[in-house]
Amino acid sequence: MYFTEVESMAQSSEINMTDMRSADSLWTAADVWIKKPHVVNKRLCGVTETEYRDVDTAELIQVLSPLLGTSIKIADISMFLHTDIVDKEHETTGRWCVGVRTLIPKVNKTGECLYKEVIIKDIVGHAVTFIPFEETDVGQVTVKSSNIYQIQLQLKPEECYIYRTLSLHALMPEQWCSDGVAYPKLSWLYTKLLPKLSRWALESKTSEFKSTLSLIPLEKYSILYQQLKEKYKELVKVWPEVTDPEKFVFEDVAIATYLLILWGEERAEKGTSTKQSFVDLGCGNGLLVHILNNEGHPGKGMDIRKRKIWDMYGPGTHLEENAITPSNDFLFPTTDWLIGNHSDELTPWIPVIAARSSYSCRYFVLPCCFFDFCGKYQRRQCKKSQYKEYIDFISDVSTVCGFYTEEDCLRIPSTKRVCIIGKGRKYREAEEALVEKQRSDYIRRREALFTNSGVSMNVNQSGHYGPNHNDNGQNISTPANDWVNGFQPRERTETIRNCTALPRDFVNEVVLRVAKALLSLTESNMESSNCAWNTGGSLLISEVVNLLDQSSLQALKKECGGLQTLLKNNYQVFRVEGGSVFIRDWRTHTPAQSSRMRSKRKAPPTGALKTRLCWFHIHHPHGCPLPCEDCAFAHGETDLKKP
């Protein structure tokens, strides 16, 4: 038997007509697997595709004939594709749609390991077939017949309903060959892929943004990313900042990879070998600058505050501590590219600064926090997500500044991963004065949105967003006033607002008050139960608020996360889950606890120094539930050791 049918056993694989009204849902779902297989198969980076063309059955056979060798007969493929069942009414050029895709593995350092497949869409039969083939250097083609499979949407009448069922057909299932990369096990296709396809068909959602990495060659990105990831992975081990090293290192490696490929394509297009210069405005930890400098691009990073890691990069990385304000003092007429990587209040200004720096200056921005020209961005549309609305706003700024504006989606570990790129100009250089007037008018109109509302929201000296005035009610004057009135850069000293800077006595008082309230909820049950240790009850965060006086609540309101953050910080005493707070019982283990909490519950290693007193040993009416040797905290002053 040449082929068999394997249907998904998942609930979502059988779809009622009321849920999926047309075969369009199949093609919507199938196109995700065809164009973006990496969203399911994590060993793939993506695909490149040839242009698809419509053919009739005779033309389809002509296309396939050169591919098929002695290992598989054209008759077998014809039977598999059901080309022997010719529907004369629909036998037109539009019955079949044929193209070729190249699968690109995620780990592909040389670029030689690529997989090619012929994609055949049967528009009449509602099926899509994948025929893998290999091509030698001399152009000889052989089909991998063991890995030919088909996904089909079938109509199944049952009583008074008609069900649409997604099914999987394999030409030679008993010979299926899995390589663990492009061709997973056959069981994976029907236990993982088919349920995904069913869910996509039901949802039929379209993204607000473009596909990832749509503006650069995917093969080049895949190869260079693996090379740079290997080259800079040691930074994870020595990362001195409080931020997550793996996220920030590999995110900046991915952004650097994108820029290096983008700039390489630009040089090839212009026929030059000179590497582009750049300035990274609001460079933060400076890692992106470090990588770009190391890879041969002249440039520098600027930020209002120096980071600890800057000193580790060495003299080859050019970083500058400076408060950047959008004014004539911060123009870069000799720079090729301006970069804004999560540049916050500078984000809308970067297209403007690039446009005013020189006619040839280009820019790249990756927006994160939502800022307008002189304050926080204010939403005006409810039909879009806030993120989409802000991306459209930055694109609008770019267009007004005269750039050919493009958007792309990066592959980074962040929910904010849409970048905006301004390359060439839409106007001639002689028209600069006219376009500059359009820019200025646009900025003044945006500024008026804030002045007309009577308040300009900016980052004030306390680190919060508030009116753009000092303590005496006077306007804050900045060097930016020649471009806009109201812009204020962030404070040079970062304000810590995660409750860790609160007075220790204040924190201890809040902790004790909340803990006593939790313990009191179960005190009456202790006598009638066999429990020797009071685990306490639970309170909603909103109920805990009622335990505190007004001055305490005002102090917590100034902190990010407020009361909940304070309780979470005191993980030794409390467990906060689902908006409720509990007394933490260090004797128990719950799967819901994070790995971080589980690691903190382990008994201290032999010889470990205990530098903090056990809260339960001091304050709990029944003491600590753990023996002294198993507790990570000191049971009294004699057990307390200082490093």
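In this text the structure is predicted, and so the values were computed from the model without any measurement. (Residues numbered from 1 in each chain as written. Predicted model: local features only at pLDDT ≥ 70, side-chain atom pairs only at ≥ 80, totals over all residues. Heavy atoms only, no water.)

(A) Examining the sheet that holds strand β24 (residues 580-583) more closely. Here we have three strands laid out as an open sheet, ordered β22-β24-β23, and antiparallel in their pairing. Every other strand in the sheet has two partners, leaving β22 (538-540) and β23 (574-577) as the edge strands with one partner each. Going across the sheet, the axis of each strand differs from the next one's by a mean of 25°, ignoring polarity. Contacts between helix α12 (residues 504-520) and the sheet are confined to β22, β23 and β24, with β24 contributing the most and set at about 80° to the helix. (Pairing = 2+ DSSP bridges. Helix = DSSP H or I, 4+ residues; strand = E, 2+ residues; numbered from the N terminus. Axes fitted to C-alpha atoms, helices over the stretch in contact; angles between N-to-C directions. Contact = heavy atoms within 4.5 Å.)

(B) Structural context of the state of the cysteines. With the rule as written, the count across this model stands at zero disulfides. In this model Cys-409 remains outside any disulfide bridge; the closest cysteine sulfur is found in Cys-419, 8.0 Å from its own. (Disulfide = S-S within 2.5 Å.)

(C) Geometry of helix α8 (residues 287-294). Most of α8 is tucked away, with seven of its eight residues classed as buried. Those residues of α8 that fall on the buried side of the exposure criterion are Leu-287, Leu-288, Val-289, His-290, Ile-291, Leu-292 and Asn-293. Gly-296 sits one or two residues past α8 and shows a positive phi near 100°. (Buried < 20%, exposed > 50% of the residue type's maximum accessible area, 1.4 Å probe, protein only.)

(D) Structural context of the packing of aromatic side chains. Overall, the coordinates contain 22 aromatic pairs when judged by the stated rule. When the centroid spacing of 4.7 Å and the interplanar angle of 70° are considered together, the rings of Trp-349 and Phe-373 count as edge-to-face. On the criterion of sequence distance, the pair formed by Trp-349 in helix α9 (residues 349-357) and Phe-373 in the loop between β16 (371-372) and β17 (375-376) is long-range, its members being 24 residues apart. Summarising the burial analysis for this pair, Trp-349 and Phe-373 share the class buried. Relative to Tyr-390, the ring of Tyr-377 lies with its centre 5.3 Å away and its plane at 75°, an arrangement referred to as edge-to-face. Of this pair, Tyr-377 sits in the loop between β17 and α10 (386-400) while Tyr-390 sits in helix α10, and the two are 13 residues apart along the sequence. Tyr-377 sits in the buried class, given a relative accessible area of 11%. Exposure remark for Tyr-390: the relative accessible area of 0% places this residue in the buried category. (Phe/Tyr/Trp six-rings, centres within 6.5 Å; stacked < 30°, edge-to-face > 60°.)

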